[in-house]
Amino acid sequence: MLKRVVLGPAMVILAVMLGATIASADPIVGEWRSEPDAKGQTGIIEIVPCGGAFCGTIVRAQDSGGQPVVTRNVGRQIVSDLRPAGDGSYAGRVYVPMMNADFPATVLVSGGQMRVEGCNSLGICMKQTLRQLP
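Quick summary incoming for the structure in this document. (Residues numbered from 1 in each chain as written. Predicted model: local features only at pLDDT ≥ 70, side-chain atom pairs only at ≥ 80, totals over all residues. Heavy atoms only, no water.)

What follows concerns the pattern of salt bridges. As enumerated under the stated definition, the model contains 3 salt bridges in all. Arg-60 serves as the salt-bridge partner of Glu-31, at 3.2 Å between the closest nitrogen and oxygen. In this pair, Glu-31 is assigned in strand S1 (residues 30-33) and Arg-60 in strand S3 (residues 53-62), connecting sequence segments 29 residues apart. The class for Glu-31 is partly exposed, based on a relative accessible area of 26%. Using a relative accessible area of 32% as the deciding quantity, one classes Arg-60 as partly exposed. Between Asp-81 and Arg-83 there is a salt bridge, and its shortest N-O distance comes to 3.0 Å. (Salt bridge = Lys/Arg side-chain N within 4 Å of Asp/Glu carboxyl O. Helix = DSSP H or I, 4+ residues; strand = E, 2+ residues; numbered from the N terminus. Buried < 20%, exposed > 50% of the residue type's maximum accessible area, 1.4 Å probe, protein only.)

Let us now look at the pairing of strand S5 (residues 89-96). Relative to S5, strand S4 (residues 77-86) runs antiparallel, the two sharing 5 bridges. Across the sheet, residue Val-79 finds its bridge partner in S5, namely Val-94. Count of turn residues in the S4/S5 antiparallel hairpin: 2 residues, of which Asp-87 carries a positive phi of about 55 degrees. Pairing between S5 and strand S6 (residues 101-110): 8 bridges, direction antiparallel. Bridging across to S6, Arg-93 finds its partner in Pro-104. (Pairing = 2+ DSSP bridges.)

Quick look at a nonpolar patch on the surface now. On the surface, a cluster of nonpolar side chains totalling about 320 Å² of accessible area is made up of Met-98, Met-99 and Met-126. One can find Met-98 in the loop between S5 and S6. With a relative accessible area of 71%, Met-98 lands in the exposed category. (Patch = residues over 30% accessible without salt bridge, like charges linked within 9 Å, V, L, I, M, F, W, Y side chains within 5 Å. Areas by Shrake-Rupley, 256 points an atom, 1.4 Å probe, with all protein chains shown as cover.)

This part takes up the side chain of Gln-62. As for its position among the elements, Gln-62 is in strand S3. Engagement of the side chain of Gln-62 in a polar contact is seen with the side chain of Arg-33, the distance being 2.5 Å. Apart from the residues lying within four places of it in its own chain, the contact partners of Gln-62 are Arg-33, Gly-40, Gln-41, Thr-42, Ile-44, Gln-67, Pro-68 and Val-69. (Polar contact = N/O pair within 3.5 Å; in protein donor to acceptor, adjacent residues only side chain to side chain. Contact = heavy atoms within 4.5 Å.)

Remember, this is a structural readout, not a statement about activity or role.
Structure follows, in structure tokens:
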């Protein structure tokens, strides 16, 4: 005979908070600074849990002196569907603004650095190392 269990509001809130704490403990969650582009500008990408994976959005851009820069890429999701693959690695997709396309990507997080590599269907790959912000 099956027993039906009903969770009260406090238990539901506790379960949601516990799930959020576990997800935020993942080493990929947080803000990451990209390498400078050809203009010397960097993007700050915020990685957060999204569904059963992780996604990253450019939340701000800065010039070489750290001053805010207006760019059409702020607010754009740059990595998506990142799923843990073991040993600090993830697999998902990365959007490359200069190519206006997204590609399969691998990500390796280690020691405050995130190495992102995406390759197109011709086998042409792009790599970048991001640094985690405190």
